[in-house]
Amino acid sequence: MDPIILTQLENGILTITINRPDKMNALNKDVITGLGQAVDEVISNPEIKSAIITGAGNKAFVAGADISEFTDLDGAGGQALAQRGAQLVFDKIENAPKPIIAAVNGFALGGGCELAMACHFRIASENARFGQPEVNLGLIPGYGGTQRLVQLIGKGKAMELLMTADMIKADEAKALGLVNHVVSAEELLPKATEILTRIAGKAPLAVSAIIKLVNTAATVSKDGFSEEIHMFGACFDTEDKKEGAAAFLEKRPAVFQGK
Ligand code: COA
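Calculation criteria
- Per chain, residues are indexed from 1 in the order of the written sequence.
- Local features are withheld for residues below a pLDDT of 70 in this predicted model, meaning they are given only at 70 or higher, and side-chain atom pairs are given and counted only at 80 or more; totals for whole chains, interfaces and linings count all residues.
- As a rule here, side-chain values cover all heavy atoms of the structure and leave hydrogens and water aside.
- Using a 1.4 Å probe on the protein chains alone, a residue whose accessible area is under 20% of its type maximum counts as buried, one over 50% counts as exposed, and one in between counts as partly exposed.
- Helix and strand assignments follow DSSP, with helices taken as H or I runs no shorter than four residues and strands as E runs no shorter than two, numbered in order from the N terminus.
- Any two strands with at least two DSSP-identified bridges between them are counted as paired.
- Here, the term right-handed applies to a crossover whose path from the first strand over the helix to the second runs clockwise when the strands point away from the viewer.
- Here a residue counts as near a molecule or strand whenever at least one of its heavy atoms sits within 4 Å of it.
- N or O atoms within 3.5 Å of each other form a polar contact, as long as, within protein, one can give a hydrogen and the other can take it, and as long as residues adjacent in sequence are counted only when both atoms are side-chain atoms.
- All accessible areas in this document rest on Shrake-Rupley with a 1.4 Å probe, and a residue is counted as covered only by the protein chains that are shown.
- Residue classes follow a fixed rule: Ala, Val, Leu, Ile, Met, Phe, Trp, Tyr, Cys and Pro count as nonpolar, while Asp, Glu, Lys and Arg count as charged, and any other residue, Gly among them, counts as polar.
- When a carboxyl oxygen of Asp or Glu is within 4 Å of a side-chain nitrogen of Lys or Arg, the pair counts as a salt bridge.
- To count toward a patch, a residue needs a relative accessible area above 30% and no salt bridge. Like charges then connect within 9 Å, nonpolar side chains (Val, Leu, Ile, Met, Phe, Trp, Tyr) within 5 Å.
- Positive charges come from Lys and Arg, negative ones from Asp and Glu, while His and the chain ends are left out of the count.
- A charged residue contributes its charge at one atom only: NZ of Lys, CZ of Arg, CG of Asp or CD of Glu.
- The criterion is simple. A nonpolar core is a set of buried Ala, Val, Leu, Ile, Met, Phe, Trp, Tyr and Cys residues joined through side-chain atoms within 4.5 Å.
- Here, residues are in contact when the closest pair of their heavy atoms is within 4.5 Å.
- Lines are fitted to the C-alpha atoms to define the axes, a helix being fitted only along its stretch in contact, and any angle between axes, read from their N-to-C directions, falls within 0 to 180 degrees.
- Any angle that is under 35 degrees is reported as roughly parallel, and any over 145 degrees as roughly antiparallel; angles of 65 to 115 degrees are reported as roughly perpendicular and all others as oblique.
- Note: crossing handedness is left-handed where the near helix turns anticlockwise from the far helix by less than a right angle, and right-handed where it turns clockwise.
- We define the bend at any residue as the angle between the axes fitted to the seven residues before and including it, ending there, and the seven starting there.
- Residue count minus one, scaled by 1.5 Å, sets the expected span of a helix.
- The directions from the helix axis to the C-beta atoms are what the arc is built from.

Right, let's talk about the pairing of strand E2 (residues 13-18) for a bit. Burial analysis of E2 places six of its six residues in the buried class, which makes it a mostly covered element. Neither face of E2 is left uncovered, since the one carrying Ile-13, Thr-15 and Thr-17 and the one carrying Leu-14, Ile-16 and Ile-18 both have all their residues buried. Where strand E1 (residues 5-10) lies against E2, six bridges are found, and the strand directions are antiparallel. Bridging across to E2, Leu-6 finds its partner in Thr-17. Where E1 hands over to E2, the hairpin turn is made up of two residues, of which Asn-11 adopts a positive phi near 50°. Taken together, E2, helix H1 (residues 29-44) and strand E3 (residues 50-55) constitute a β-α-β crossover, and its handedness is right-handed.

Pairing is mixed in the open sheet, where four strands are placed in the order E4-E6-E8-E9. Looking at the sheet topology across the chains shown, the edges are occupied by strand E4 (60-62) and strand E9 (168-169). With two bridges connecting them, E4 and strand E6 (residues 107-109) associate as parallel partners. Residue pairing across strands places Val-62 opposite Ala-108, the latter belonging to E6.

The subject of this paragraph is the site of the ligand. Taken together, 16 residues surround the ligand, and among them Lys-23, Ala-63, Ala-65, Ile-67 and Lys-251 come closest. A distance of 2.9 Å separates a nitrogen atom of the ligand from a polar backbone atom of Ile-67. Protein coverage of the free-state accessible area of the ligand, which is 860 Å², stands at 69%. Looking at the shell around the ligand residue by residue, the class counts come to eleven nonpolar, no polar and five charged.

A separate point is the pattern of salt bridges. Under the counting rule described, the total for this entry stands at ten salt bridges. Ionic pairing is found between Glu-239 and Lys-242, a salt bridge with its closest N-O pair at 4.0 Å. Linking Glu-239 with Lys-242, this pair stays in helix H10 (residues 239-249), spanning three residues, or about one helical turn. Assessed through its relative accessible area of 46%, Glu-239 is described here as partly exposed. With relative accessibility at 46%, the residue Lys-242 sits in the partly exposed group. Through salt bridges that share partners, Asp-91, Glu-94 and Arg-148 make up one connected network.

This brings us to a negative patch on the surface. Residues Glu-126, Asp-171, Glu-186 and Glu-187 make up a contiguous surface patch of negative charge. Considering the arrangement of structural elements, one finds Asp-171 in helix H6 (residues 170-176).

To continue, consider the nonpolar core. Formed by 58 residues in total, the largest nonpolar core has its most connected members in Leu-115 and Phe-130. Contact partners of Phe-130, with chain neighbours within four places excluded, come to Val-104, Ala-108, Leu-109, Cys-113, Ala-124, Asp-166, Met-167, Ile-168, Ala-170, Ala-173, Leu-178 and Val-179.

Packing of helix H4 (residues 145-153) against helix H5 (residues 155-164) leaves a shortest axis separation of 7 Å and a crossing angle of 135°. In terms of their interaxial angle, H4 and H5 are classed as oblique. In this structure, H4 crosses over H5, and the sense of that crossing is right-handed. For the pair formed by H4 and H5, the contact residues are Thr-146, Leu-149, Val-150 and Ile-153 on the first element and Lys-155, Lys-157, Ala-158, Leu-161 and Leu-162 on the second. Its residues assigned to classes, the contact of H4 with H5 comprises six nonpolar, one polar and two charged.

It is worth spelling out helix H2 (residues 75-94) at this point. Where H2 bends most, at Ala-86, the angle is about 55°. Of all the residues in H2, the buried ones are Gly-75, Gly-77, Gly-78, Leu-81, Ala-82, Gly-85, Ala-86, Val-89, Phe-90, Lys-92, Ile-93 and Glu-94. N-capping of H2 is provided by Asp-74, with a side-chain oxygen placed 3.3 Å from the backbone N of Ala-76.

Here Thr-17 shows up in strand E2. Thr-17 sits in the buried class, given a relative accessible area of 14%. In this structure, Thr-17 is in contact with Ile-4, Ile-5, Leu-6, Thr-54, Gly-55 and Ala-56, ignoring residues within four places of it in sequence.

All right, on to helix H8 (residues 204-218) then. The end-to-end C-alpha distance of H8, which contains 15 residues, comes to 21 Å, matching closely the 21 Å that a straight helix rising 1.5 Å per residue would cover. Of all the residues in H8, the buried ones are Val-207, Ile-211 and Asn-215. For H8, the buried positions fall inside an angular range of 75° around the axis, keeping them on one side. In this structure, H8 carries Leu-205, Ile-210, Lys-212, Leu-213, Thr-216 and Ala-217 as exposed residues pointing more than 90 degrees from its buried face. Considering only its buried residues, H8 is in contact with H2 and helix H7 (188-200).

In short, geometric facts, not functional conclusions.
So this is what it looks like as structure tokens:
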């Protein structure tokens, strides 16, 4: 079986590829574990100066957390899932002392959009699509989406995207400030590499300090993150979450009761 996370080190840049293309690179337990290990390697290996996170195939960056792992989760389980992801991957990427950027090569939905947002900045291919569709499943984002989306695009637009579950195209994501550059699919990794190569010529300690300080400026309070983990867990105790996950897996529209 192919490894679920592929890594390739070239000229100090580690390319980390989530490799579940048949499931749109959805974040299951193993992907979170593997991604966490890859990020640890970025942080601890002096040969690695920076990293790119991308998805295998030409359809998806990551189409969210793996919904098939949701069916048996109750509130405590949902909360533990969100907490584990934050600790192993999302907060670790955000606070990494070396640049980690997302090369978004297709769908970046739910946890995929959240993964891209946890990165220091984002580059997208023209076919990239962004969205937080959790409300379709009777859920809310659990990997920091309600916080980082507000930081990146502002409150009004974040409210709309989170409540409607609308999917937006790469150009709109760029106009909103969610991504920095939109390029063709072929140009995606070369563009990411070109930017990281330029950053590699700068003073590493200064770059680390910038990451830390920009994060400080963008994060007024961490309370929103723990509140989100708590409320994400609470969603798992609702009838609507059972209906939402079942409807997705049965490929039918969900009917919510507000219970
Ligand atoms: N979790 C688990 N499996 C997922 C998944 C997810 N988040 N996203 C996609 N998959 C699976 C599908 O179930 C399907 O599996 P199958 O081939 O065994 O049936 C496979 O990946 C391909 O997806 P499919 O839906 O057939 O592709 P599509 O091109 O018609 O649609 C998407 C692509 C991304 C629009 C659609 O898969 C989707 O809406 N995914 C869920 C997005 C979501 O709600 N994410 C938030 C989770 S909290």
